[in-house]
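# Architecture and fold: a report
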Amino acid sequence: MRRTAVVLGGGPAGLMAAEVLAAGGAEVHLYDAMRSVGRKFLLAGKGGLNLTHSEALDAFVRRYGAREKEIDAMLGRFGPQALRDWAAALGIDTFVGSSGRVFPRDMKAAPLLRAWLQRLRAQGVMFHMRHRWVGWAPAGGLRFDAPQGEAVLQPEVLVLALGGASWSRLGSDGAWVDLLLQRGVAVAPLRPSNCGFEVDWSAHFATRHAGQALKSVAIELPAASWRQVGEFIVSGYGIEGSLVYAASAALREAIDAHGQTTLHLDLLPARSLEWVSAELAHPRGSRSLSTHLKSRLGVSGVKAALLYEVADKATLADAARLAALSKALPLTLKAARPIDEAISSAGGVRFEALDDTLMLRDLPGVFCAGEMLDWEAPTGGYLLSACFASGRVAGEGARDWLARLRTPSPGSRGTAIL
Ligand SMILES: Cc1cc2nc3c(=O)[nH]c(=O)nc-3n(C[C@H](O)[C@H](O)[C@H](O)COP(=O)(O)OP(=O)(O)OC[C@H]3O[C@@H](n4cnc5c(N)ncnc54)[C@H](O)[C@@H]3O)c2cc1C
């Protein structure tokens, strides 16, 4: 007898859970609110699909911060190399870029998704698009808004893989949070992660420099003992881009706690303060300060403009103070940008609410996976890695749950929700 499994959400986490369940012999039905699956995954491929990262696993798992332990356990079952092997089995070879990030050979998501969906269909996975899950029916079962009207389903096992709350037009809108809270599941509020931040630029600076990149700079967060070299972009509202995203968790927390926060920007991370001071101390004669900055420090364009934006007249006139500013330029951030603009979400179903198989302790037979779990990580392939791994773990948990239903043991729990 085949058992029926339902997966809600056709992002990488849900598709992975569906694959494991189908391989385990279940009849798998995957429901998604959108017209097609994997919308955010496809978007991720637009800028070059960063599948995972090649760094050593101990460094890799540290990227998950407070959730290192939980994600480590999942990556132990489906880690970065397993992900690359899995992609290769779909005919998608990967390579390691100069930054250590791992990409498909052609950088795109579409060929991988196409090959994957073909394999899932061949495995018998049934896709039901434009079915929005809207909660549980009073008498039990899952309620959907579907093209034919409301539908109610009674699966034997359920995997929720509903994503976070960024880029809601691609399907993940976080509406599931209230549905789970109503069932007593502990959910940490969804917050923007890998997001931009607002800065009160002068109109002069914003109009001239929005869209320009600050390359080879370091962001330092003294309170969090955090420093990283990289690049980011000045935008009309403030700052965004990979280095800012990497700092985003600490910046968001600091703004939550204090209303605003100040980061320090090192415009010359490869140079010591002593070197910068000595260079600026050279007499500049009749040359302008801009020329002096450019010829002595190589600082020009948006970097020089930032010094003018932040420094007062006295600092601009004092070589030692200007040197100190170049090495630790304070930028005050007023707010994180809205979650809908973020690359990913922090918050979600708390791990305390889940067992090791990612099943909700209070809703036996319901498993959760992907970005809807309460973890966050910087960009660099860490997001997809954890989504795939958690989809795998939840899929295996759901598969084993179904197997136990088939051969109930005296102490086994029944399905509470379905
Ligand atoms: C611009 C951008 C670029 C990115 N680039 C990368 C990258 O290069 N590398 C990387 O690691 N990560 C990247 N990410 C992040 C990565 O794409 C996500 O972390 C990942 O897609 C999350 O997978 P998921 O399966 O948990 O959820 P999602 O991919 O969000 O899928 C969730 C699915 O659930 C469906 N759904 C939601 N609610 C309901 C409901 N009530 N009923 C039915 N269906 C519902 C949605 O329609 C959606 O299809 C990027 C994100 C963005 C926005």
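Above this text sits the structure in question.
None of these values were measured; they are calculated from a predicted model.

## A look at the overall build of the protein
- A tally of helices and strands in the protein yields 16 helices and 20 strands.
- Taken over the C-alpha atoms alone, the protein extends approximately 90 × 40 × 40 Å along its principal axes.
- Relative to its 418 residues, the protein shows a buried fraction of 52%.
- Counted over contacts in the protein with a minimum sequence separation of 6, partners at least 24 positions apart contribute 68%.
- If you sum the accessible surface of the protein, you get close to 18,000 Å²; carbon and sulfur atoms cover 51% of it.
- When the 46 positive and 40 negative side-chain charges of the protein are each reduced to one mean point, those points stand 5 Å apart.

## Remarks on the sheet that holds strand S16 (residues 261-266)
- Taken in spatial order, the 7 strands of this open sheet run S17-S16-S13-S14-S15-S12-S18, and their pairing is antiparallel. Edge positions in the sheet fall to strand S17 (329-333) and strand S18 (335-336), since each has one partner strand and no second.
- Its contacts with the sheet place helix H15 (residues 319-327) against S16 and S17, and it is angled at close to 105° to S16.

## Some remarks on the layout of surface pockets
- Put simply, the second largest pocket is a space of about 590 Å³.
- Residue lining of the second largest pocket: 27 residues in total, with Arg63, Tyr64, Gly65, Ala249 and Glu376 positioned closest to the centre.
- Of all the secondary structure elements, the ones that give two or more residues to the lining of the second largest pocket are strand S11 (187-193), strand S14 (226-234), helix H9 (242-246), helix H10 (248-258) and strand S19 (344-349).
- For the lining of the second largest pocket, the element with the most residues is H10, which contributes 5 residues.
- Of the residues that constitute the lining of the second largest pocket, the class distribution is 14 nonpolar, 5 polar and 8 charged.

## Let's talk about the pattern of salt bridges
- Within this structure, the stated rule accounts for 20 salt bridges.
- A salt bridge links Lys327 to Asp266; the nearest nitrogen and oxygen atoms lie 2.8 Å apart. Remark: Asp266 occurs in strand S16 and Lys327 occurs in helix H15; sequence separation between them is 61 residues. Neither Lys327 nor Asp266 differs from the other in exposure class; each is buried.
- The salt bridge partner of Arg399 is Asp400, with a shortest N-O separation of 3.0 Å.
- Taking the relative accessible area as the measure of exposure, Asp400 reaches 34% and is therefore partly exposed.
- Beyond isolated ion pairs, a larger network of salt bridges with shared partners links Arg67, Glu70, Glu352 and Asp374.

## Focus on the packing of aromatic side chains
- Taken as a whole and judged by the stated rule, the model has 12 aromatic pairs.
- For the ring pair Tyr64 and Tyr382, a centre distance of 6.4 Å and an interplane angle of 85° mean the geometry is edge-to-face. Taken as a pair, Tyr64 in the loop between helix H3 (57-62) and helix H4 (68-75) and Tyr382 in helix H16 (residues 382-406) lie far apart in primary sequence, 318 residues in all. Judged on exposure class, the residue Tyr64 and its partner Tyr382 are both buried.
- Through a chain of ring-to-ring contacts, three or more aromatic side chains come together here, namely Phe41, Trp86, Trp116 and Phe388.
- The positively charged end of Arg183 is found above the aromatic ring belonging to Trp136, 4.6 Å away from the centroid.
- For Arg271, the ring lying beneath its charged end belongs to Trp275, and the centroid distance is 3.9 Å.

## Let's talk about unusual backbone geometry
- Backbone geometry places Trp167, a non-glycine residue, at a positive phi of 50°.
- Tracing the sequence through the fold places Trp167 in the loop between strand S10 (157-160) and helix H7 (176-182).
- Positive phi, normally seen in glycine, also occurs at Leu358, with a value near 70°.
- Position of Leu358 relative to the elements: it lies in the loop between S19 and strand S20 (366-368).
- Assessed through its relative accessible area of 3%, Leu358 is described here as buried.

## Some thoughts on the site of the ligand
- Taken together, 29 residues lie around the ligand, and Asp32, Asn50, Ser172, Glu371 and Leu384 are the ones closest in.
- In the environment of the ligand, a nitrogen atom lies 2.8 Å from a nitrogen or oxygen atom belonging to the backbone of Asn50.
- Between the ligand and Glu371, the relevant distance is 2.6 Å, taken from an oxygen atom to a side-chain nitrogen or oxygen of the residue.
- Against a free-state accessible area of 1,000 Å², the protein chains account for coverage of 95% of the ligand.
- For the shell around the ligand, the class distribution of residues is 14 nonpolar, 11 polar and 4 charged.

## Observations regarding the sheet that holds S10
- Taken together, the 5 strands give an open sheet; going across it, the order is S6-S2-S1-S10-S20, and neighbouring strands pair in parallel fashion. Two strands lie at the open edges of the sheet, namely strand S6 (126-128) and S20, each paired on one side alone. Geometrically, the sheet is characterised by an average inter-axis angle of 20° between neighbouring strands, direction not taken into account.
- Sheet topology places strand S1 (residues 4-8) next to strand S2 (residues 27-31); 5 bridges connect them, and they run parallel. Bridge pairing links Thr4 to Glu27 in S2.

## Some details on the packing of helix H1 (residues 12-23) against H16
- Between H1 and H16, the shortest axis-to-axis distance is 7 Å and the interhelical angle comes to 35°. Read as a crossing pair, H1 and H16 show a hand that is right-handed. On the side of H1, the interface is formed by Pro12, Ala13, Met16, Ala17, Glu19, Val20 and Leu21, while H16 contributes Leu384, Cys387, Phe388, Gly391, Arg392, Gly395, Glu396, Ala398, Arg399 and Leu402.
- Grouping the constituent residues of the contact of H1 with H16 by class yields 11 nonpolar, 2 polar and 4 charged.

Scoring rules and cut-offs
Residues numbered from 1 in each chain as written. Predicted model: local features only at pLDDT ≥ 70, side-chain atom pairs only at ≥ 80, totals over all residues. Heavy atoms only, no water. Helix = DSSP H or I, 4+ residues; strand = E, 2+ residues; numbered from the N terminus. Buried < 20%, exposed > 50% of the residue type's maximum accessible area, 1.4 Å probe, protein only. Contact = heavy atoms within 4.5 Å. Areas by Shrake-Rupley, 256 points an atom, 1.4 Å probe, with all protein chains shown as cover. Lys, Arg positive; Asp, Glu negative; His and termini not counted. Charge placed at Lys NZ, Arg CZ, Asp CG, Glu CD. Pairing = 2+ DSSP bridges. Axes fitted to C-alpha atoms, helices over the stretch in contact; angles between N-to-C directions. 1 Å grid on protein atoms, 1.4 Å probe; cavity = no way out; pocket = protein on both sides within 12 Å on 5 of 7 lines; lining within 4 Å. Points joined across faces, edges and corners; volume = space filled by probe spheres on them. Nonpolar A, V, L, I, M, F, W, Y, C, P; charged D, E, K, R; others polar. Salt bridge = Lys/Arg side-chain N within 4 Å of Asp/Glu carboxyl O. Phe/Tyr/Trp six-rings, centres within 6.5 Å; stacked < 30°, edge-to-face > 60°. Lys NZ or Arg CZ within 6 Å of the ring centre and 35° of its normal. Near = heavy atom within 4 Å. Polar contact = N/O pair within 3.5 Å; in protein donor to acceptor, adjacent residues only side chain to side chain. Left-handed = near helix turned anticlockwise from the far one by under 90°.

Just distances and angles here, no functional claims.
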